[in-house]
Amino acid sequence: MIEPYSETEADYENLKKLDDTTKQKLSNILFDLMAEDGTISDQESMLFMTLMSDSEFPIPDTQAWLDWLASSEEAVEETDAM
């Protein structure tokens, strides 16, 4: 057993070895799981972005991803307008 959040360099290296189609599928699945409850916390998004960066995963190519991006941009615009 490994401790939660104790990623290792080897874990990321193994993920990098996956073919592009598998990486895309996993990226989509992981994002859809995160978005399942309708809310993506800052911690979830930070962990997901780190995974994408460190494992060379592509961004999801799902409608849920596009919807989340749009809602995130709207939240930033509302904050900037205040």
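These numbers come from a predicted model, not from an experiment.

## Focus on helix α2 (residues 20-35)
When the terminal C-alpha atoms of α2 are compared, their 22 Å separation across 16 residues agrees well with the 22 Å that a helix rising 1.5 Å per residue should span. Among all positions of α2, only Lys23, Gln24, Ser27, Asn28, Phe31 and Met34 are buried. Along the axis of α2, the buried positions cluster into a sector of 135°, meaning they face one direction only. Facing away from the buried side of α2, by more than 90 degrees, are the exposed residues Lys25 and Leu33. Its side-chain oxygen placed 3.1 Å from the backbone nitrogen of Thr21, Asp19 serves as the N-cap of α2.

## Considerations on the packing of aromatic side chains
Summed over the entire model, instances satisfying the criterion amount to five aromatic pairs. With centroids separated by 5.4 Å and ring planes inclined at 40°, the aromatic side chains of Trp65 and Trp68 adopt a geometry described as tilted. Highlighted residues: Trp65 and Trp68, both in helix α4 (residues 63-81), separated by three residues, approximately one helical turn. Each member of the pair Trp65 and Trp68 is classed as buried. Among the aromatic side chains, those forming a connected cluster through ring pairs are Phe31, Phe48, Trp65 and Trp68.

## Things to note about unusual backbone geometry
Positive phi is not limited to glycine here, since Glu56 has a value of about 60°. With respect to the secondary-structure elements, Glu56 resides in the loop between α3 (42-55) and α4.

## Some words on α3
Relative to the 20 Å expected for 14 residues at 1.5 Å per residue, α3 spans 20 Å between its end C-alpha atoms, a close match to the ideal helical length. Buried within α3 are the following residues: Ser45, Phe48, Leu51, Met52 and Ser55. What you see down the axis of α3 is that its buried residues fit within an arc of 125°, all on one side. Exposed and facing more than 90 degrees away from the buried side of α3 are Asp42, Met46 and Ser53. Glu56, located one to two residues past α3, shows a positive phi value of around 60°.

How each quantity is defined
- Residues numbered from 1 in each chain as written.
- Predicted model: local features only at pLDDT ≥ 70, side-chain atom pairs only at ≥ 80, totals over all residues.
- Heavy atoms only, no water.
- Helix = DSSP H or I, 4+ residues; strand = E, 2+ residues; numbered from the N terminus.
- Expected span 1.5 Å × (residues − 1).
- Buried < 20%, exposed > 50% of the residue type's maximum accessible area, 1.4 Å probe, protein only.
- Arc of directions from axis to C-beta.
- Polar contact = N/O pair within 3.5 Å; in protein donor to acceptor, adjacent residues only side chain to side chain.
- Phe/Tyr/Trp six-rings, centres within 6.5 Å; stacked < 30°, edge-to-face > 60°.

So far we have only geometry, and geometry alone does not tell us how the molecule works.
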